[in-house]
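# Descriptive analysis of the structure
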Amino acid sequence: MDLEAVRTFVSAADAGRFQDAADELSVTQQAVSKRIATLERILGVRLFTRTARGAKLTIDGQAFLPHARDLLRAEERALASVRPGRRALRVDVIGRRLAPADLVRDFHRAHPEAELDVVTLFDADAAIDAIRSGTIDASIRAVTMPGRQLPDGIETVRVLGEPIQLLTGAAHELAAARSVTPADLVGHRIWMPGIVPGTEWAAYYDALAAAFGLTIEITGPDFGTEPLLDTIADSRSLATFVGEQTRLAWPADHGLRRVVVQDPTPVYPHSLLWHRDNPHPTLAMLRDHFGSGSVDDGDTKTWTPAWARRPDPRSTGPATA
């Protein structure tokens, strides 16, 4: 249905005269008549009866008027949904229990007026494709994997280096340790069935294992977090890695232990990604919010893969491996 014709019908109904409607819409009276005639042909009914005093709604016109107003209100809501500053900013995070979700929550606490739509895509490739297509506005991910380069137009800045911790059951040999070094973990079985080859988190843990001679097993089906915790809790030999900010809940009888890893501390590199041509004002607020932090890639007490380190961690633009 032609919404301009609907708008003209509503204006004429309110004004009571085609000429007054034409003046309001800044068109000719002939244009108003043509639009009304087109709408009447589409609907198959007469909407107005011409009188000496102007135009009077027919019974069909009276029946159609409230629906015509609804159509125009729906048009306004549709336009408002994509108008800069009115549409919610769509942000991708790798998981709702993980650090990137906490970063977005921190932003919303600082800016409660900001409308957000938080989604979880599978991996960095899916997130970058979605940013390029406009499906999402931003993502918080690790970038970039070895041999990869961000596409033109995609910008990034590091927003968090999250320490990685060892998670063990109460009977594990390292459960009582207050902290361990990566060297202490050599020879221990670290089980991470959720690692998917080809993803950015697989690239991170591959680099971690290679750097310190660790054994990270990805065998077996991934049934999710709770079954993983059940297995770790009952095992004397298996442990796993979790992020310091990963929110986990387990039964009291599990007795799981979080053990700090240090000298050096492996940190997972979270970065904000966006398209440089995206004008959404809330995206600028999000970038400014993260821009107030600092990430020191030169800290000798921490470790992150060489492909994730940047000469200037506050710089933007394509990042190469």
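Placed above this text is the structure.
Residues numbered from 1 in each chain as written. Predicted model: local features only at pLDDT ≥ 70, side-chain atom pairs only at ≥ 80, totals over all residues. Heavy atoms only, no water.

Quick look at the nonpolar core now. The biggest cluster of nonpolar side chains holds 27 residues, and the ones touching the most others in it are Leu166, Leu185, Tyr204, Tyr205, Ile216 and Phe241. Going through the elements one at a time, strand 6 (154-168), helix 7 (200-212), strand 10 (238-243) and strand 11 (257-261) are the ones with two or more residues in this core. Ranked by residues supplied to this core, first place goes to helix 7 with 8 residues. Once residues lying within four places of it in the same chain are set aside, the contact partners of Tyr205 are Ile164, Met192, Ile195, Ile216 and Phe241. In terms of nonpolar packing, the next biggest core, distinct from the first, is built from 20 residues, Ala12, Ile36, Phe48 and Leu65 among them. (Core = buried A, V, L, I, M, F, W, Y, C linked by side-chain atoms within 4.5 Å. Buried < 20%, exposed > 50% of the residue type's maximum accessible area, 1.4 Å probe, protein only. Helix = DSSP H or I, 4+ residues; strand = E, 2+ residues; numbered from the N terminus. Contact = heavy atoms within 4.5 Å.)

What follows deals with the pattern of salt bridges. By the definition in use, this model includes 16 salt bridges. A salt bridge links Arg17 to Asp20, with the nearest nitrogen and oxygen atoms 3.4 Å apart. By relative accessible area, Asp20 is classed as partly exposed at 33%. Here Glu226 ties to Arg97 by a salt bridge, and the two come within 3.2 Å at their closest N and O atoms. With Glu226 in helix 8 (residues 225-234) and Arg97 in the loop between strand 3 (89-93) and helix 5 (99-110), the pair connects residues that are 129 residues apart, well separated along the chain. On the basis of relative accessibility, which here comes to 40%, the residue Glu226 falls in the partly exposed class. The network of salt bridges with common partners includes Glu4, Arg7, Arg35 and Glu75. (Salt bridge = Lys/Arg side-chain N within 4 Å of Asp/Glu carboxyl O.)

Next up on the list: the layout of surface pockets. Each pocket or cavity is described by its volume, and for the largest pocket that value is around 920 Å³. Lining the largest pocket are 35 residues, with Leu98, Gly194, Trp201, Thr225 and Thr246 sitting closest to its centre. Of all the secondary structure elements, the ones that give two or more residues to the lining of the largest pocket are strand 5 (138-141), strand 6, helix 7, helix 8, strand 10 and strand 12 (265-275). Ranked by residues supplied to the lining of the largest pocket, first place goes to strand 10 with 4 residues. Its residues placed into classes, the lining of the largest pocket shows 21 nonpolar, 8 polar and 6 charged. (1 Å grid on protein atoms, 1.4 Å probe; cavity = no way out; pocket = protein on both sides within 12 Å on 5 of 7 lines; lining within 4 Å. Points joined across faces, edges and corners; volume = space filled by probe spheres on them. Nonpolar A, V, L, I, M, F, W, Y, C, P; charged D, E, K, R; others polar.)

This part covers helix 8. Every buried residue of helix 8 is accounted for by Leu228, Leu229, Ile232 and Ala233. The buried residues of helix 8 occupy an angular sector of 130° when the element is viewed end-on, so they sit on one face. Among the structural elements, strand 6, strand 8 (189-191) and strand 10 are those in contact with the buried residues of helix 8. (Arc of directions from axis to C-beta.)

On to unusual backbone geometry. Most peptide bonds adopt trans geometry, and most residues besides glycine take a negative phi value. Here the residue pair Asp263 and Pro264 is connected by a cis peptide bond, since its omega of -5° sits within 30 degrees of zero. The topology assignment puts Pro264 in the loop between strand 11 and strand 12. Positive phi, normally seen in glycine, also occurs at Ser26, with a value near 60°. Unlike most non-glycine residues, Asp263 shows phi in positive territory, near 60°.

Of note, Thr246 is situated in the loop between strand 10 and strand 11. Of the residues examined, Thr246 reaches a relative accessible area of 12% and is grouped as buried. Among all residues touching Thr246, those that are not within four sequence positions of it are Arg97, Leu98, Glu162 and Arg258.

By the secondary structure assignment, Leu25 is in helix 2 (residues 18-25). Residues Leu25 and Thr8 lie 17 residues apart in sequence; the distance between their C-alpha atoms is 7.6 Å. When residues no more than four places from it in sequence are discounted, the contact partners of Leu25 are Arg7, Thr8, Ser11 and Arg35.

To continue, consider the environment of Ala142. Among the structural elements, Ala142 can be located in the loop between strand 5 and strand 6. When the C-alpha atoms of Ala142 and Ala124 are compared, they prove to be 7.3 Å apart, with 18 residues separating the residues in sequence. Among all residues touching Ala142, those that are not within four sequence positions of it are Ala124, Glu200, Tyr268 and Pro269.

Judged by side-chain polarity, Met1, Ile42 and Leu71 come together as a nonpolar surface patch covering roughly 280 Å² of accessible area. Following the sequence through the fold, Ile42 ends up in helix 3 (residues 29-43). Owing to a relative accessible area of 48%, Ile42 belongs among the partly exposed residues under this scheme. (Patch = residues over 30% accessible without salt bridge, like charges linked within 9 Å, V, L, I, M, F, W, Y side chains within 5 Å. Areas by Shrake-Rupley, 256 points an atom, 1.4 Å probe, with all protein chains shown as cover.)

What follows is about the pairing of strand 1 (residues 48-51). In this sheet, strand 2 (residues 54-57) lies alongside strand 1 in antiparallel orientation, the contact comprising 4 bridges. Considered in strand 2, the bridge of Thr51 is made with Gly54. Linking strand 1 back to strand 2 in an antiparallel pair, the connection comprises 2 residues. (Pairing = 2+ DSSP bridges.)

This part is about the packing of aromatic side chains. Counted under the stated rule, the structure contains 9 aromatic pairs. An angle of 50° between the planes, with centres 5.3 Å apart, marks the rings of Phe9 and Phe64 as tilted. Of this pair, Phe9 sits in helix 1 (residues 3-15) while Phe64 sits in helix 4 (residues 59-82), placing them 55 residues apart in sequence. Their ring planes at 85° and their centres at 5.3 Å tell us that Phe18 and Phe48 sit as a pair that is edge-to-face. (Phe/Tyr/Trp six-rings, centres within 6.5 Å; stacked < 30°, edge-to-face > 60°.)

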